[in-house]
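# A look at the structure
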There are 2 protein chains.
Amino acid sequence: MDIKLVKDILEANDVVARGIREKLEQSGTVMINVMGSPGSGKTSLIAKTIEGMGETHRIGVIEGDICTSIDAERLARYHIPVVQINTEPFGGECHLPAPAVGKALESFDLSSCDLLFVENVGNLVCPAEFEIGEAAKVVVLSLPEGDDKPLKYPLMFRESRAMVISKIDLGPHIDTNIGKLTGNAHLVNPGLDIFLLSAREGTGLEAWFAWLEGVLRSKG
Amino acid sequence: MDIKLVKDILEANDVVARGIREKLEQSGTVMINVMGSPGSGKTSLIAKTIEGMGETHRIGVIEGDICTSIDAERLARYHIPVVQINTEPFGGECHLPAPAVGKALESFDLSSCDLLFVENVGNLVCPAEFEIGEAAKVVVLSLPEGDDKPLKYPLMFRESRAMVISKIDLGPHIDTNIGKLTGNAHLVNPGLDIFLLSAREGTGLEAWFAWLEGVLRSKG
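Residues numbered from 1 in each chain as written. Chains lettered and ligands numbered in written order. Predicted model: local features only at pLDDT ≥ 70, side-chain atom pairs only at ≥ 80, totals over all residues. Heavy atoms only, no water.

### Points about the interface of chain B and chain A
If you look at the interface, chain B gives 34 residues, while chain A gives 34 residues. With both sides pooled, the region where chain B packs onto chain A buries about 2,900 Å², and carbon together with sulfur makes up 59% of that total. In terms of surface lost to chain A, no three residues of chain B exceed Pro38, Lys152 and His173 of chain B, which account for 20% of the buried area on that side. For the pair chain B and chain A, the number of links is four salt bridges. A salt bridge links aspartate 71 of chain B to lysine 152 of chain A; its shortest N-O distance comes to 2.6 Å. Taken together, chain B and chain A are joined by 11 residue pairs in polar contact (both at pLDDT 80 or more). Listing elements by their share of the side of chain B that touches chain A, those giving two or more residues are α3 (70–76) and α5 (149–152) of chain B. The element contributing the most residues to the side of chain B that touches chain A is α5 of chain B, with three residues. (Contact = heavy atoms within 4.5 Å. Buried area = accessible area lost by both parts, 1.4 Å probe. Salt bridge = Lys/Arg side-chain N within 4 Å of Asp/Glu carboxyl O. Polar contact = N/O pair within 3.5 Å; in protein donor to acceptor, adjacent residues only side chain to side chain. Helix = DSSP H or I, 4+ residues; strand = E, 2+ residues; numbered from the N terminus.)

Next up, the structure:
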């Protein structure tokens, strides 16, 4: 009965996600679902992307958090459209369900937004199960989280089209083996595109921007 | 209807948790529920605790993961009882529910186990909602995760009796403000006991051991 119910919830979610996808296709907006653990560097990645691509693209952000608008306030400094979703009124949900994203989209003028980031709730597990109508899912994994994570949390890496390994400047101070990490990620998903970067030092961003340009050109 | 169902699931879980608590009280076993994000350092904390307290206490571990037995194998090297729970056969659950813990307990000779660690699935959100009959919940937060996490994921910090801030050796290389982090944690839960340590450098462990001794003396 539990399994049946979970199936129903996921199916209902997917129906809404399909509607969102159609709406975004009509407006020509590419939506990227950014997922990863708390503190993996999702907001920093989006901030650096706005800095690097905000002059040539019209970027918007939907911020998903259980509580607070800390991240939304941080990104609003860039004077771009930012909408905050707090899941606490809905029981502190551990992921963004498609209906919450659909509701947030009502606040956007999609016709003037080319690239829309959704920063999901910090969680390497649950968000991967919920389609939100995105063009692509991206997982952000910070180097200190360790090289075994793709094996231990495979769904996230299987569902994602790209993995951003963040905080690589910490490499000399920790034991994570980057070769092992990328190898484990490709074991789970051989087609995963991988980027290594440090938002703090500003390194590795160009390859990430080029990948996004490719997704934008192909409209997903 | 959704909310009603979630309530039913949590209530059913709590009934099982109460049974587990009674069983542990009878055997005089203190069970600690160790929670935190993927890669926060939960396994390292348990490993260092076995090294520091394993000669004077009979320690056991239940390892909760979606997939793999990487952590269980790492801890089995200490020649202590370790039971692995994989949640993948149950839909890749993002937390350990009480029935899974109850099942794992059947594999333990509880009469010869004083201190039992349960390493929950790596997730700063969902595990906090599920009682498992533990004497105390402990959240492990690694310094690179950032100082705003107690505000953004308050339930975990509200439910926990202690917070272990791990990887403090990375302090000089990152922007996390420890004073702000502990302040935010105490805003959410004024009674939270806080420990700062580095498993890598072996610092800060004595205060953590002393806290565990106190929990053991009071049997929870």
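### Section: the pattern of salt bridges
Tallied over the full model, the rule gives 24 salt bridges over all chains. A salt bridge links glutamate 159 of chain B to lysine 137 of chain B, with the shortest nitrogen-to-oxygen separation between them at 3.7 Å. Of this pair, glutamate 159 of chain B sits in helix α6 (residues 154–159) while lysine 137 of chain B sits in strand β5 (residues 136–142); the two residues are 22 residues apart in sequence, bridging distant segments of the chain. Here glutamate 159 of chain B falls in the partly exposed class, since its relative accessible area comes to 34%. Among the charged side chains, a salt-bridge network with shared partners connects Arg21, Glu131, Glu134, Lys137 and Glu159 of chain A. (Buried < 20%, exposed > 50% of the residue type's maximum accessible area, 1.4 Å probe, protein only.)

### Concerning helix α4 (residues 98–105) of chain B
Within α4 of chain B, six of the eight residues are buried, which leaves the element mostly enclosed by the surrounding structure. Listing the buried residues of α4 of chain B in full gives Ala98, Ala100, Val101, Gly102, Ala104 and Leu105 of chain B.

### So, the environment of leucine 170 of chain A
Structurally, leucine 170 of chain A can be placed in the loop between β6 (162–166) and α7 (178–188). Note: C-alpha distance between leucine 170 of chain A and leucine 143 of chain A (27 residues apart in sequence) is 7.2 Å. Not counting residues up to four positions away in its chain, the partners in contact with leucine 170 of chain A are Pro144 of chain A together with His173 and Ile174 of chain B.

### Some points on the packing of helix α2 (residues 42–53) of chain A against helix α8 (residues 205–217) of chain A
Residues and elements named next belong to chain A. Contact geometry for α2 and α8: axes closest at 11 Å, N-to-C directions at 75°. Between α2 and α8, the angle is such that the two are roughly perpendicular. Contacts between α2 and α8 involve Leu45, Lys48, Thr49, Gly52 and Met53 from the first element and Leu205, Trp208, Phe209, Leu212, Glu213 and Leu216 from the second. Considering only residue class, the contact of α2 with α8 consists of seven nonpolar, two polar and two charged. (Axes fitted to C-alpha atoms, helices over the stretch in contact; angles between N-to-C directions. Parallel < 35°, antiparallel > 145°, perpendicular 65-115°, else oblique. Nonpolar A, V, L, I, M, F, W, Y, C, P; charged D, E, K, R; others polar.)

### Notes on the sheet that holds strand β5 (residues 136–142) of chain A
Residue and element names in this part refer to chain A. An order of β3-β2-β4-β1-β5-β6-β7 is seen for the seven strands of this open sheet, with the pairing classed as parallel. The open sheet has two edge strands with one neighbour each: β3 (82–86) and β7 (193–196). In this sheet, adjacent strand axes meet at a mean angle of 20° when their direction is disregarded. As judged from the four bridges shared by β6 and β7, these two strands associate in the parallel manner. For methionine 163, the partnering residue across the bridge sits in β7 and is isoleucine 194. Relative to β7, α7 is tilted by about 160°, and along the sheet it contacts β5, β6 and β7. (Pairing = 2+ DSSP bridges.)

### Digging into the relation of the copies chain B and chain A
When chain B is fitted onto chain A, the two copies agree to an RMSD of 0.0 Å after a turn of 180° and an axial shift of 0.0 Å. Both copies are brought into coincidence by an operation consistent with a two-fold rotation axis. Taken together, the interface assignments show that 100% of the residues at the interface of chain B recur at the interface of chain A, consistent with an identical surface on both copies. (Least-squares fit on C-alpha atoms with pLDDT ≥ 70 in both.)

### What to know about the pairing of β5 of chain A
Residue and element names in this part refer to chain A. Across the seven residues of β5, seven count as buried, placing the element largely inside the fold. Burial of the side chains of β5 extends over both faces: Ala136, Val138, Val140 and Ser142 are buried on one face and Lys137, Val139 and Leu141 on the other. Taken together, the four bridges between strand β1 (residues 30–35) and β5 define a ladder with parallel strand orientation. By the bridge assignment, isoleucine 32 is partnered in β5 with alanine 136. Taken together, the five bridges between β5 and β6 define a ladder with parallel strand orientation. From the neighbouring strand, leucine 141 faces β6, where its bridge partner is isoleucine 165.

### A closer look at unusual backbone geometry
You will see that lysine 167 of chain A, though not glycine, has its phi angle at about 60°, which is positive. In this structure, lysine 167 of chain A sits in the loop between β6 and α7. Classification of lysine 167 of chain A by relative accessible area gives buried; the value is 17%. A positive phi angle, near 70°, is found at threonine 68 of chain B, a position not held by glycine. With respect to the element layout, threonine 68 of chain B can be found in the loop between β2 (59–65) and α3.

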